[in-house]
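# Structural overview for review
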Amino acid sequence: MGRKQKLRQEKRNIKNKAAAAEVTAAAAEVTAAAAANAAEEKALALEDQLPKSDMYVQALYMADTDNITRREQFELFKRGATEDACIHSMFRMGKMLMHAHMALPWFLEGAIRGSFQCTMKLLGQFYFTKTFQPNRKADALQDYWGEITKKFHSGDSLVDTMKILKCSVTQECIICSKTDTKTLTLKQCEGCSVYCYCSVGCQTIHWKESKHRNECKQVHILNKYHKPYAKEIRDAVIRGDKEIPSLEKLRYKLGLTRPEEEYIEFFELTHNGEKIDPNDYLVGREDGTLWVGSTPSSPIGTL
Ligand SMILES: [Zn+2]
Ligand SMILES: [Zn+2]
């Protein structure tokens, strides 16, 4: 083969290889898109299993026909959520409430009943580490709800993201970023097994000052009162059971049933007379219960 011929042949080879690679990439993209679509369809089908209350259906219908104000729509969702325990209404309420610490309890109400949409909201909007402020970290809660999602609504890409998150969290001390060496082995938090520490000193800072105590205790409540009953609760919701004892116990343990007088100040964005940033109140109190329950008579001023 002459030199020119050889060159031409090489060029052809390269072109063919590039074309083949393109085809493979395109095929992979199609497969990934199909998988994502299938996962979404499955998730929506799962969500559709949960009963919709008349109030919810009416609110959507009236919104479509433009016959309703936002406030009226909210009131219908609220009735759907509080009178009929309609998960779809809870999700809408959560979305309509402006302040995160007041919206969160409604998404949590949906999530503990087995709602995919509500769980995704918790994962994507509330617990995902958006800030480096240690007192707002909720990786252990993220990890808990990620596991639940994997178990009940497998196939979502967010779950894979969380796997990565867990790796990055467990390989270094959450306070000082030290990593494992020949002479130092990091120790995991015994409560949640999510965070690692190089020393008792760092663990104490995280537990007290960074308020991991609050998060770890909430994870403990969920592990004890939610995880073993998650399927039972969801099945009961689908059947339309009016009384679900395991659900009521869990709601009480999480502080979702906390009387409104105990958190009314949060409606005005204050706590002990001081202005608050709602993002500091998304995890929980020292005993792991929520700051704000899900029984507000009317969260006026938040729409
Ligand atoms: Zn450390
Ligand atoms: Zn922990």
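Here the structure is a predicted model, which means the values were calculated and not measured. (Residues numbered from 1 in each chain as written. Chains lettered and ligands numbered in written order. Predicted model: local features only at pLDDT ≥ 70, side-chain atom pairs only at ≥ 80, totals over all residues. Heavy atoms only, no water.)

Moving on, we come to the coordination of the zinc ion (ligand 2). The zinc ion (ligand 2) binds to the protein through C189 (SG), C192 (SG), H212 (NE2) and C216 (SG), with metal-donor distances spanning 2.0 to 2.4 Å. Each donor residue of the zinc ion (ligand 2) belongs to the same chain, with the gaps between them written as C-x2-C-x19-H-x3-C. Of this pair, H212 and C216 both sit in helix α10 (residues 212-225), four residues apart, which is roughly one turn of the helix. Judged by relative accessible area, which is 1%, H212 ranks as buried. (Donors = N, O, S within 2.8 Å, 3.2 Å for Na, K, Ca; no water. Helix = DSSP H or I, 4+ residues; strand = E, 2+ residues; numbered from the N terminus. Buried < 20%, exposed > 50% of the residue type's maximum accessible area, 1.4 Å probe, protein only.)

Taken as a whole, this structure holds 12 salt bridges when the rule is applied. Between K78 and E75 there is a salt bridge, and its shortest N-O distance comes to 3.6 Å. One end of the pair, K78, and the other, E75, are both in helix α3 (residues 70-84), three residues apart, so they sit about a helical turn from each other. For K231, the salt bridge is made with D235, and the minimal N-O distance between the two is 2.8 Å. Residue K231 and its partner D235 are located together in helix α11 (residues 230-239), separated by four residues, close to a single helical turn. For K231, a relative accessible area of 52% corresponds to the exposed category. (Salt bridge = Lys/Arg side-chain N within 4 Å of Asp/Glu carboxyl O.)

The predicted coordinates ought not to be read in detail in places where the model reports low pLDDT. Taken as a whole, the chain shows an average pLDDT of 84; of its residues, 80% reach a score of 70 or greater. When the elements of the chain are averaged for pLDDT, helix α8 (residues 157-170) gives the smallest value, 56, and α10 the largest, 97. (pLDDT = per-residue confidence, 0-100.)

Once that is clear, we can look at the nonpolar core. Counting residues in each nonpolar core, the largest one holds 59 residues, and the members touching the most others are L122, F126 and W145. With eight residues, the top contributor of residues to this core is helix α5 (residues 100-112). Ignoring anything within four residues of it in the chain, the contact list for L122 reads L104, F107, L108, A111, Y127, Q142 and W145. In terms of nonpolar packing, the next biggest core, distinct from the first, is built from nine residues, M102, F266, F267 and L269 among them. (Core = buried A, V, L, I, M, F, W, Y, C linked by side-chain atoms within 4.5 Å. Contact = heavy atoms within 4.5 Å.)

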